[in-house]
Amino acid sequence: MRRQFTGWPEQAMDVLWQLQGEPTHATREHYRADRERLVRQPMIALLNEVADTDPRYEDFSVWHYRTNSWWWQNQSAVIRLGRKIEIGLRFSLDGLRIQGAWWYPDPGHVDMFRKAVASEGSGRELSAIVEDVRKKGYDISGDVMKRPPRGYPTDHPRTDLLRHRSLIAARPLGCEEWLHTPEAVDRVLSAAADLDDLLTWLVRHVKRAA
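Now for a description of the structure that goes with this document. (Residues numbered from 1 in each chain as written. Predicted model: local features only at pLDDT ≥ 70, side-chain atom pairs only at ≥ 80, totals over all residues. Heavy atoms only, no water.)

**Focus on unusual backbone geometry**
Step number 1: Its identity as a non-glycine residue notwithstanding, Lys84 has a phi of 65°, on the positive side.
Step number 2: Relative to the helices and strands, Lys84 resides in the loop between strand S2 (75-82) and strand S3 (85-92).
Step number 3: We note that Tyr104 has phi near 45°; this positive angle belongs to a residue other than glycine.
Step number 4: Tracing the backbone shows Tyr104 in the loop between strand S4 (95-102) and helix H4 (109-118). (Helix = DSSP H or I, 4+ residues; strand = E, 2+ residues; numbered from the N terminus.)

**Concerning the layout of surface pockets**
Step number 1: In this structure, the largest pocket spans a volume of roughly 310 Å³.
Step number 2: At the level of elements, helix H3 (70-73), S2, S3 and S4 are the ones that each hand at least two residues to the lining of the largest pocket.
Step number 3: Sorting elements by how many residues they give to the lining of the largest pocket places S3 first, with 4 residues.
Step number 4: Volume-wise, the second largest pocket comes out at about 160 Å³.
Step number 5: Lining the second largest pocket, in full, are Ser127, Val130, Glu131, Arg134, Ile140, Pro157, Arg158, Asp160, Leu161 and His164.
Step number 6: Classifying every residue of the lining of the second largest pocket gives 4 nonpolar, 2 polar and 4 charged. (1 Å grid on protein atoms, 1.4 Å probe; cavity = no way out; pocket = protein on both sides within 12 Å on 5 of 7 lines; lining within 4 Å. Points joined across faces, edges and corners; volume = space filled by probe spheres on them. Nonpolar A, V, L, I, M, F, W, Y, C, P; charged D, E, K, R; others polar.)

Here you go:
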């Protein structure tokens, strides 16, 4: 029975509010223990429950703090599904955000991606998946070339996808009352299901370096 995650306490927002702008070292240290307890530890509990529900999500990391103030104001985490293919979560004053991403590719990954996009079967499959994800409210982005890559016709039917050197689908999940309840687990699992076809396609076609 899931019970370890009860939601982010409402005080978590108060802590993040105190860390806005460029907080001094003294301010960061003053709120370090509260931030750990109220912001970071709930993210760990959330992802443990997500992993308990679906073992595919067991390989996750919840980031610590760094010198840049952004890392104090945003609690980030990733669930690794393949080499450079992951689900990212971010908790901040804006609420919870999720993305499915293939980025920072290894040498050879981009060529593998383009060959799969150009192939009639796998390419049409990805195009349909991306369109479906977009209709569900996700923004599609990534490192995108201004022109089609060399070796591919400029009028290729999937030229928009061929120009990608990374692929990211992201959307905010919101900042409503459910963030402070166990319902956040179900919200994350539902969003992960939205991204499943896209990430499965990426794992299948670009998970190994050439």
